[in-house]
Amino acid sequence: MAVQLSYKTLRAENAAEFIINKSRFIGYGCPCETEEEALAFLARIRQKHKDATHNCYAYIIGLNAGIMRYSDDGEPGGTAGLPIIEVMKARGVVNCAVVVTRYFGGVLLGAGGLVRAYAQGSKTALDAAGVVVMERSVRHLVEVDYSTWQRLEYFLRSAPVIIEHTEFGASVVCTLMVRKRDEDTFLSEITRVTDGTAETLPDGELFYPWPESAQASALAE
């Protein structure tokens, strides 16, 4: 069975709002590892906006999107929950939930208008929460002497890594995060750039949130 190397989800709970024909829409996005977490998030938003006209939602749980649920919460069938989850599916996110809250402003939007509004609410929620790519990654400690540091620093500026911490003591020690799929090539490049003088030490493997825009590896051929 193939090992899961990456999946898309949300960075952190967040929200943003907009107005359409006097109706106020608030899109909430939240990472959720389980269906219980998704339902707890939904309950919290419902309590926060218990005076709202509708709290429509969708969630996708499981790296294989095994659990998918949505609700129109009183809006005409197919005009709210479905467009919310379709935006989520198109974006490819899992292990997250979206709630779009509506305060009716007195102007009817019609079925097509509702679909567009709730799709916009879903997109707004995802953008506010921040879509990230959780990639199997390895943390590495890289130690070099000061005479080599300038070359290494120049290389790291364009390398597909995240520098978590740099410590300047008797030598320079960088704590770096590198994708598992880039690890071998990255270590070879470190050896080349530092003429084999760098000391490297793996310091744990984990799923790590990389920006959605950084999926392409700069070390790839």
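Scroll up to find the structure.
Being a predicted model, the structure only gives us computed values, none of them experimental.

### Describing helix α1 (residues 35–48)
Side chains three or four residues apart in an α-helix point the same way, a direct result of the helix having 3.6 residues per turn. Between the first and last C-alpha of α1 there are 20 Å, a value that for 14 residues agrees with the 20 Å anticipated at 1.5 Å per step. Listing the buried residues of α1 in full gives A38, F41, L42 and I45. Each buried residue of α1 lies within a common arc of 100° when the element is viewed along its axis, so the set occupies one face. Close packing links the buried residues of α1 with β3 (23–31), β4 (54–61) and β6 (96–103).

### Examining the side chain of S171
Positionally, S171 belongs in the loop between β8 (161–168) and β9 (172–179). Under the relative-accessibility criterion, S171 is labelled buried at 15%. Only 2.6 Å separates the side chain of S171 from the side chain of E143, close enough to count as a polar contact. If we ignore the near neighbours within four places in the chain, the residues touching S171 are E143, V144 and Y146.

### Details of helix α4 (residues 146–158)
All buried positions along α4 are accounted for by T148, W149, L152, F155 and L156. Tucked inside the fold, the buried residues of α4 contact β7 (131–144), β8, β9 and α5 (183–193).

### Focus: the sheet that holds β4
Pairing between the strands of a sheet is mediated by backbone hydrogen bonds and can be parallel or antiparallel. Taken in spatial order, the five strands make up an open sheet running β2-β3-β6-β4-β5, and their pairing is antiparallel. Each edge of the sheet is formed by a strand with only one pairing partner; in this case those strands are β2 (14–20) and β5 (67–71). Between one strand axis and the next, the sheet turns through 15° on average, direction left out of account. Examined bridge by bridge, β4 and β6 share seven bridges and lie antiparallel to one another. From the neighbouring strand, C56 faces β6, where its bridge partner is V100. Those strands touched by α1 are β3, β4, β5 and β6, and its axis lies near 165° from that of β4.

### Some thoughts on the packing of α4 against α5
To describe two helices that pack against each other, one gives the angle between their axes and the distance between the axes. Two elements in contact, α4 and α5, have axes whose closest approach is 10 Å; the angle formed by their N-to-C orientations is 145°. Judged by the sense of rotation from one axis to the other, the crossing of α4 with α5 is right-handed. Of α5, the residues touching α4 (which contributes R151, L152, F155 and L156) are F186, E189, I190 and V193. Looking at the contact of α4 with α5 residue by residue, the classes come out as six nonpolar, no polar and two charged.

### Some points on the packing of aromatic side chains
Per the counting criterion, the structure on display carries eight aromatic pairs. Here the aromatic rings of Y146 and F168 are separated by 6.5 Å at their centres, their planes lie at 35°, and the arrangement is tilted. Note that Y146 is positioned in helix α4 and F168 in strand β8, a separation of 22 residues in sequence. The structure contains a cluster of three or more aromatic residues connected by ring pairs, namely F18, F25 and Y118.

Parameters at a glance
- Residues numbered from 1 in each chain as written.
- Predicted model: local features only at pLDDT ≥ 70, side-chain atom pairs only at ≥ 80, totals over all residues.
- Heavy atoms only, no water.
- Helix = DSSP H or I, 4+ residues; strand = E, 2+ residues; numbered from the N terminus.
- Expected span 1.5 Å × (residues − 1).
- Buried < 20%, exposed > 50% of the residue type's maximum accessible area, 1.4 Å probe, protein only.
- Arc of directions from axis to C-beta.
- Contact = heavy atoms within 4.5 Å.
- Polar contact = N/O pair within 3.5 Å; in protein donor to acceptor, adjacent residues only side chain to side chain.
- Pairing = 2+ DSSP bridges.
- Axes fitted to C-alpha atoms, helices over the stretch in contact; angles between N-to-C directions.
- Left-handed = near helix turned anticlockwise from the far one by under 90°.
- Nonpolar A, V, L, I, M, F, W, Y, C, P; charged D, E, K, R; others polar.
- Phe/Tyr/Trp six-rings, centres within 6.5 Å; stacked < 30°, edge-to-face > 60°.

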